[in-house]
Amino acid sequence: MAVKTVQAVVNGQTYTLTYNGETQRYETTINAPAKSSYNETGHYYPVTVKATDDAGNETSVDDSDETLGASLQLIVKEKVAPVSVITAPTSGQLTSNSKPEITWTVTDDDSGVAADTITLLIDNTPVEGAITKNPIENGYSCSYTPTAALDDGQHTIIVRASDNDGNAASDVSVTFRVLATAPNLSVTTPANNSYHKAAEVAFSGTTDGATLTVKVGDGAEEDVTITEGAFSGSLTLTAEGSNTVVFKAVSESGVETTVTRTLYLDTHAPVIQSVSITPNPVDAGATYIIAVEVTD
């Protein structure tokens, strides 16, 4: 008897093989499935081969066959790399948080993202501590908070990952800036607990803050001009007696430093109520007492 047909069944499709006299084998050319086999059972597409002779006798082998099974496991690998997107911080962002939460996603709609390949570098150094990896459709949503405070200044984060077929995603990076240190603020004048006979009081000092305001009592904050780190101006006390004055410097990232002064306004001159000299008259060379009654 002679072989009549040889067929292969792959991914639900049946293909007829043609005899090749040179190789003395039955052959055909098939397009591989469009998707990776990684998510298939065993990470391969099972292949079944059927041979039928002219009498109708049929023989079939598949991936479970003890002898030929390993040859009937079609492994298909994708060539498209995963996609990484950093969602926070954003490029060029200025933050006052020295331990900012870093968030990103890695997705791959075929073989899937290999979770253990997801890595994060801060300033070219792999991070210490665990990265949180929450499964999402086709990948992972990731987050990481630095265990140690980042220094003030510029920092660059890099995300790396691969899919289960070994395709590495392009590095994705974001550069941002940290400014967590409170600004310096020194009020030179007026002195704390000082007394003033006029409501208008001059002030001066230095700061490395981005903005500066001054507020008297419950009044509104008033902007103060900073010139090369120095400032000066005048404020108006609003009440006789004690006045609370607050100077507030704010950094570019929003961190505040305040200095409070208590200033006393006294616009009333003392009143001399009475004067007495005892004794009066007094003997030459003797002592006498002057007593003055004063109110203010």
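Note: the structure precedes this text.
Draft legend 1. Expanded view of the environment of Thr 262. Position of Thr 262 relative to the elements: it lies in strand β23 (residues 256-265). Considering only alpha carbons, one finds Thr 262 and Ala 34, 228 residues apart in sequence, at a separation of 77 Å. Apart from residues no more than four positions distant in its own chain, Thr 262 is found in contact with Asn 192, Asn 193, Ser 194, Ser 242 and Asn 243.

Draft legend 2. Quick look at the packing of aromatic side chains. The full count for this structure, using the stated rule, is five aromatic pairs. A ring pair is formed by Phe 203 and Phe 231, whose centres lie 6.3 Å apart and whose planes are at 45 degrees; its orientation type is tilted. Highlighted residues: Phe 203 in strand β18 (residues 200-207) and Phe 231 in strand β21 (residues 230-236), separated in sequence by 28 residues. Note on Phe 231: relative accessible area 3%, which makes it buried.

Draft legend 3. Here's a closer look at the sheet that holds strand β7 (residues 83-88). Across the sheet, which stays open at both edges, the four strands sit in the order β7-β9-β13-β12 with antiparallel pairing between neighbours. Two strands lie at the open edges of the sheet, namely β7 and β12 (132-136), each paired on one side alone. Adjacent strand axes in the sheet meet at a mean angle of 20 degrees when their direction is disregarded. Strand direction decides the pairing type here: β12 and strand β13 (residues 139-144), joined by five bridges, are antiparallel. Bridge pairing in β13 places Asn 134 opposite Ser 141.

Draft legend 4. Region of interest: the sheet that holds strand β17 (residues 194-196). Pairing within the open sheet is mixed, and its five strands lie in the order β17-β23-β22-β19-β20. If you trace the sheet from one side to the other, it starts and ends with β17 and β20 (222-223), each paired once. With six bridges joining them, strand β19 (residues 211-216) and strand β22 (residues 241-250) adopt antiparallel strand pairing. Paired with Val 214 across the strands is Phe 247, a residue of β22.

Draft legend 5. A look at the nonpolar core. Counting 20 residues, the largest nonpolar core has Trp 104, Ile 118, Leu 120, Ile 122, Ile 131, Tyr 144 and Ile 157 as its most contacted members. For this core, the secondary structure elements donating two or more residues are β9 (102-107), β10 (119-122), β13, β14 (153-160) and β15 (172-178). Discounting residues that sit within four places of it in the chain, Ile 131 has contacts with Trp 104, Ile 118, Thr 119, Leu 120, Cys 142, Ser 143 and Tyr 144. The next biggest cluster of nonpolar side chains, apart from the first, holds 17 residues, and it includes Leu 185, Val 187, Val 201 and Val 245.

Thresholds applied
- Residues numbered from 1 in each chain as written.
- Predicted model: local features only at pLDDT ≥ 70, side-chain atom pairs only at ≥ 80, totals over all residues.
- Heavy atoms only, no water.
- Helix = DSSP H or I, 4+ residues; strand = E, 2+ residues; numbered from the N terminus.
- Contact = heavy atoms within 4.5 Å.
- Phe/Tyr/Trp six-rings, centres within 6.5 Å; stacked < 30°, edge-to-face > 60°.
- Buried < 20%, exposed > 50% of the residue type's maximum accessible area, 1.4 Å probe, protein only.
- Pairing = 2+ DSSP bridges.
- Axes fitted to C-alpha atoms, helices over the stretch in contact; angles between N-to-C directions.
- Core = buried A, V, L, I, M, F, W, Y, C linked by side-chain atoms within 4.5 Å.

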